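Observations on the model geometry
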Amino acid sequence: MADDNSARGDTPGSSEPAADPSEPASERLPAEPGNSVPAGENSGAGEDAPAEDAPVEDAPVEKSFAEDIAGAEDFSQKALSERTRKAYRRAWSDFESYCEEVGKGPLPARPVTVAAYINSRARGRPTSRGAPKDRSGEGLAASTLEQRLAAIKYYHESGGLASPTDHPQVSRVMQGIRNDEERQEALPRTEAAPLVSSDLKQALEVLPGSGSAPPRSETAEYARWLRGRRDRALLLLGFATALRPRELTQVEKQHVTREVKGPNEGLIVHIPRSKADQIAEGQTVTALKNEANPTYCPVRALSRWRRAASIDEGPLFRGVRRDAAVLPDPISYRTLNRLVKRACRKAGLEPEGFSSAKKRRYSAHSLRAGHVTDASSRGAPDSALMLQTRHADPKTLRKYDRPAQQLEKSSSAFLGLYQEE
């Protein structure tokens with residue numbers, strides 16, 4: 001593939017999206033969220049500022065316009081979630097590094113440069129990005145490469161430039177990466193093992209915090225008891241609501257209400273913004289009170305943890321220090337992931353894998369996967385499951401209904417081979 005940047009004024013390594021030179025500086029919004037206009041610039045003293053002999057009464061108009069631009073800038077920074085912005089920044093930084101290595105311009109980039117970049121990352125990953133040396137030969141997954149393309153497109157369009165990612169040359173390479181069976185077999189794949197009801201009960205049994213609190217003077221033991229109360233509430237609420245792991249860690253007191261509807265009582269959890277709700281319209285999920293077995297009730301478990309930690313507002317699931325002090329900030333996704341793995345390991349749970357290339361492991365996502373698998377196997381209709389998981393496509397939902405559940409609906413049962421003569 002040939003490339004020629006001699007006719008362009010782009011500079012390899014530049015992270016600033018290009019701007020239209022014909023557009024007045026004061027009327028440009030920052031292309032990348034976070035790149036705010038420095039104080040004092042574009043405030044009426046720029047290239048489009050009023051002339052010295054302009055009427056004084058124009059000054060308030062210019063000030064108002066500058067304030068509107070600042071407000072628009074603030075809104076533009078909220079167009080993407082912070083997590084997406086961080087991912088895009090990492091992806092763009094990697095693309096810039098590649099362009100610098102091969103001597104090509106990243107902005108604007110030609111389609112051939114983008115095609116060469118995704119080829120490079122599909123066949124290996126740079127160890128400079130933190131990949132272990134023994135795994136540097138593994139290419140990035142197709143989903144990760146698609147995120148890289150989304151970041152490249154975002155940076156180009158933010159600068160008013162046509163995106164090279166839409167070019168057929170790039171699309172064909174990406175489709176070939178998806179279709180490469182040899183590459184797919186070589187990539188190690190992991191899948192969250194579903195933590196179904198029977199397994200969840202075993203995991204809960206090994207957690208501390210089920211009995212009465214030890215004396216506060218026994219600091220280490222009291223801290224351990226507190227974490228046990230928190231972890232029981234986390235596992236039960238996560239399983240009952242089928243929340244995504246990061247949604248679960250971000251639940252706050254104000255997001256949860258207790259409701260009664262006919263014979264049913266439970267919690268309604270409001271999710272201000274989620275992966276499937278980028279425009280922040282808000283979604284809700286529910287967790288029913290377990291009248292049959294209070295030991296495994298998410299409503300009671302959450303209430304016990306809140307009382308023990310004295311949480312009246314703010315994040316519900318917080319860290320607990322060794323001195324038993326409850327921290328003000330929510331736990332991280334990694335903390336949730338570790339505690340799920342630890343509980344499953346202590347309970348002696350061993351997920352069965354399909355092959356050496358496709359492994360199943362318990363993780364924070366196992367709670368959501370377990371909800372779908374467990375409820376589906378017990379006859380829950382897709383409509384009820386999709387209302388809870390907030391999936392728009394039944395095909396996506398079915399990915400959570402693990403293959404073992406297909407035995408219950410196998411067409412093999414209808415074969416004459418299985419019928420009595």
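Here the structure is shown first, and the text comes after it.
Residues numbered from 1 in each chain as written. Predicted model: local features only at pLDDT ≥ 70, side-chain atom pairs only at ≥ 80, totals over all residues. Heavy atoms only, no water.

With respect to the overall build of the chain
- Looking only at helices and strands, one finds 14 helices and seven strands in the chain.
- With 421 residues in all, the chain has 39% of them scored as buried.
- Total accessible area on the chain stands at roughly 24,000 Å², and carbon and sulfur atoms take up 49% of it. (Helix = DSSP H or I, 4+ residues; strand = E, 2+ residues; numbered from the N terminus. Buried < 20%, exposed > 50% of the residue type's maximum accessible area, 1.4 Å probe, protein only. Areas by Shrake-Rupley, 256 points an atom, 1.4 Å probe, with all protein chains shown as cover.)

What to know about the environment of Leu 226
- One can find Leu 226 in helix α8 (residues 219-241).
- The sequence separation of Leu 226 and Arg 321 amounts to 95 residues, and the corresponding C-alpha distance is 9.8 Å.

Thoughts on the nonpolar core
- The biggest cluster of nonpolar side chains holds 49 residues, and the ones touching the most others in it are Trp 305 and Phe 317.
- Of all the secondary-structure elements, those providing two or more residues to this core are α7 (197-205), α8, β3 (264-271), β4 (283-288), α10 (298-309) and α11 (333-346).
- Ranked by residue count, the leading element in this core is α8, at 10 residues.
- Leave out the neighbours within four places in its chain, and Phe 317 touches Arg 230, Ala 233, Leu 234, Leu 237, Leu 248, Thr 249, Val 251, Leu 302, Trp 305, Asp 329, Pro 330 and Ile 331. (Core = buried A, V, L, I, M, F, W, Y, C linked by side-chain atoms within 4.5 Å. Contact = heavy atoms within 4.5 Å.)

What about the layout of surface pockets?
- Estimates place the volume of the second largest pocket at around 650 Å³.
- Lining the second largest pocket are 22 residues, and of these Phe 239, Ala 240, Leu 288, His 371 and Ala 375 sit closest to its centre.
- Its residues assigned to classes, the lining of the second largest pocket shows 12 nonpolar, six polar and four charged. (1 Å grid on protein atoms, 1.4 Å probe; cavity = no way out; pocket = protein on both sides within 12 Å on 5 of 7 lines; lining within 4 Å. Points joined across faces, edges and corners; volume = space filled by probe spheres on them. Nonpolar A, V, L, I, M, F, W, Y, C, P; charged D, E, K, R; others polar.)

A short note on the side chain of Ser 366
- If you trace the backbone, Ser 366 turns up in helix α12 (residues 366-377).
- The class for Ser 366 is buried, based on a relative accessible area of 0%.
- Discounting residues that sit within four places of it in the chain, Ser 366 has contacts with Ala 192, Ala 193, Pro 194, Leu 195 and Arg 361.

As for the side chain of Ser 197
- Considering the arrangement of structural elements, one finds Ser 197 in helix α7.
- Polar side-chain contacts of Ser 197 include one of 2.4 Å to the side chain of Asp 374.
- Sequence-distant contacts of Ser 197, that is, excluding residues within four places in its chain, are made with Phe 239, Asp 374 and Arg 378. (Polar contact = N/O pair within 3.5 Å; in protein donor to acceptor, adjacent residues only side chain to side chain.)

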